[in-house]
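# Descriptive analysis of the structure
Spelled out from the first residue to the last, the chains are:
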Amino acid sequence: MKQQVNGRRSGRAWVALALTVAAGTAHAAATEYGDFLLEADAPYSGTFLKYHNILKAWTMAGKLESLEVPLVETADRSRVLRRVVSAGVPMPEKAYKELKRNAEKATPSGPGAWYLYWSRITVQPINGASTARMFSSAERRAVHCETGRILEAGKVVFASLDLTGAPQQPWMDYLRLEPTPARQVAADANLAAEVRAVCGPILAAAYGEEESRQRLDTLMATPEKSEEQRRFDTMRQELLAAARAPAPASSSASTAAAAGGGPIGSAKARIRLFQQNGLGGGLTNEAACASSDSASSAGSGFWKAFGSLAGVAGNTSIGMPETEASRTVGERSQLGSKAYFVEREVTAEAPVTLDFSFDSQGQGKSCNTLTMSFVPEAGADYEARMDVGGLYCRLRVSRILQGGQLLPEPLTPAAANCPKKG
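Just so it is clear, the structure is predicted and the values come from calculations on it, not from any experiment.

It is worth spelling out the state of the cysteines at this point. Inspection of every chain in the model, using the stated rule, returns three disulfides. Across a sulfur-sulfur distance of 2.1 Å, Cys145 and Cys199 are joined as a disulfide pair. Measuring the twist about the S-S bond at about -80°, one finds the Cys145-Cys199 disulfide to be left-handed. With Cys145 in the loop between β8 (136-144) and β9 (149-158) and Cys199 in helix α4 (residues 189-207), this residue pair connects regions lying 54 residues apart in the sequence. The exposure classification of Cys145 matches that of Cys199, with both residues buried. Across a sulfur-sulfur distance of 2.0 Å, Cys289 and Cys418 are joined as a disulfide pair. Here the disulfide of Cys289 and Cys418 is right-handed, its torsion about the S-S bond being about 90°.

Laid out in structure tokens, this is it:
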């Protein structure tokens, strides 16, 4: 996960679909599409904090006619996610006056209109998993069926697992709102399924069932991979197959965890996190959100940062295999920022969330917190770090293979804070 470096100090924020969240206050200038959605949200206005509009939008949505749209299966054995998607509702005609540069690409009605819909996800715990940090969520999106583009139009989460109770953590970014291109939507199987569900009836009403299917098949066709990508995928599968092969009883992998398949918590994995003053990471086990104690769980926080500043911070090892990064951890150190690593055991086959941030007051640079999750495999070892360049911050998680070789692990955007329960 990569993010552009800011030239000023910034705090924790939501991260979703590679977009950094802004507060969206009344005096700040929005994008053209931000103004478009802001005008559509006029019935929900009345507060200085414009992202609170999404709370009113959810409250006023009422009972929604919805269709269940299955999610792509993952390695998560702790929960079953159920998604329902509401029918699309045309954006108000008055909002289109804001599309000054893109007026020719949208019409107030028919297949050329923008349609708002809700994607709601409920959760069912399985295999004895704890519900302490589980939550349900509702995301609002707008789709342009003629082109397959998507606008991220807000999100709320719930402490309950079934969308009941008060919505929390409203997210809405009018300031940087731009459409996600169809090619990018098509590459995300879950988003593509939503477009098909919402746009199918709309396009069918305009063109008939057969042409509607053809148009959607064209718009949502999975992008063809390059030869380089295909080679990488093949190599990845071969490396994973070798890593999953039965290991001797004395190996580090077999001592780290029992085989998967039992109750959640019986199978373990391990992770090494690289930390230092100004560049700290948090760890939240069995959750797709960052908890309030994630820093201490990851071996960072105020006192650890102070130790790094004073040059006395030390590594904490539980016997994970070495990698080039762990052998050369000292090379990451800078003046007033001694680098160190911390190794932790985590639950396998359930989400693990990492939240990393960078803030250098001396350089006047920072990155908003990147909050991402992945599902570790039973018995596997991982390594996590944030790399900072001149114009970017990048959160990397890699699986440690035999001989210290690293294999990049796919990451999923996670909630920046776990909802408050009770």
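Moving on from the coordinates now.
The probe, sized like a water molecule, is rolled over the atoms to show the empty space still left. Applying the stated criterion to the full structure yields three cavities of 30 Å³ or more. There is about 80 Å³ of room inside the largest cavity. Surrounding the largest cavity, 13 residues form its lining, Ser78, Met134, Glu286, Ala287 and Pro351 being those nearest its centre. Of the residues contributing to the lining of the largest cavity, the split by class is eight nonpolar, two polar and three charged.

Two measures describe an aromatic ring pair: the distance that separates the ring centres and the angle between the ring planes. Inspection of every chain in the model, using the stated rule, returns eight aromatic pairs. A centroid spacing of 5.1 Å and a plane angle of 70° characterise the contact between Trp58 and Trp118, whose relative ring orientation is edge-to-face. With a gap of 60 residues between them, Trp58 in helix α2 (residues 53-61) and Trp118 in strand β7 (residues 114-125) connect regions that are remote in the sequence. Taken individually, Trp58 and Trp118 each receive the classification buried, so the pair is uniform in this respect. Over the ring of Tyr207 we find Arg215; its NZ or CZ atom is 3.7 Å from the centre of that ring. Geometry around Phe341 places Arg272 over its ring, the cationic atom sitting 5.2 Å from the centre.

Conventions used here
Residues numbered from 1 in each chain as written. Predicted model: local features only at pLDDT ≥ 70, side-chain atom pairs only at ≥ 80, totals over all residues. Heavy atoms only, no water. Disulfide = S-S within 2.5 Å. Helix = DSSP H or I, 4+ residues; strand = E, 2+ residues; numbered from the N terminus. Buried < 20%, exposed > 50% of the residue type's maximum accessible area, 1.4 Å probe, protein only. 1 Å grid on protein atoms, 1.4 Å probe; cavity = no way out; pocket = protein on both sides within 12 Å on 5 of 7 lines; lining within 4 Å. Points joined across faces, edges and corners; volume = space filled by probe spheres on them. Nonpolar A, V, L, I, M, F, W, Y, C, P; charged D, E, K, R; others polar. Phe/Tyr/Trp six-rings, centres within 6.5 Å; stacked < 30°, edge-to-face > 60°. Lys NZ or Arg CZ within 6 Å of the ring centre and 35° of its normal.

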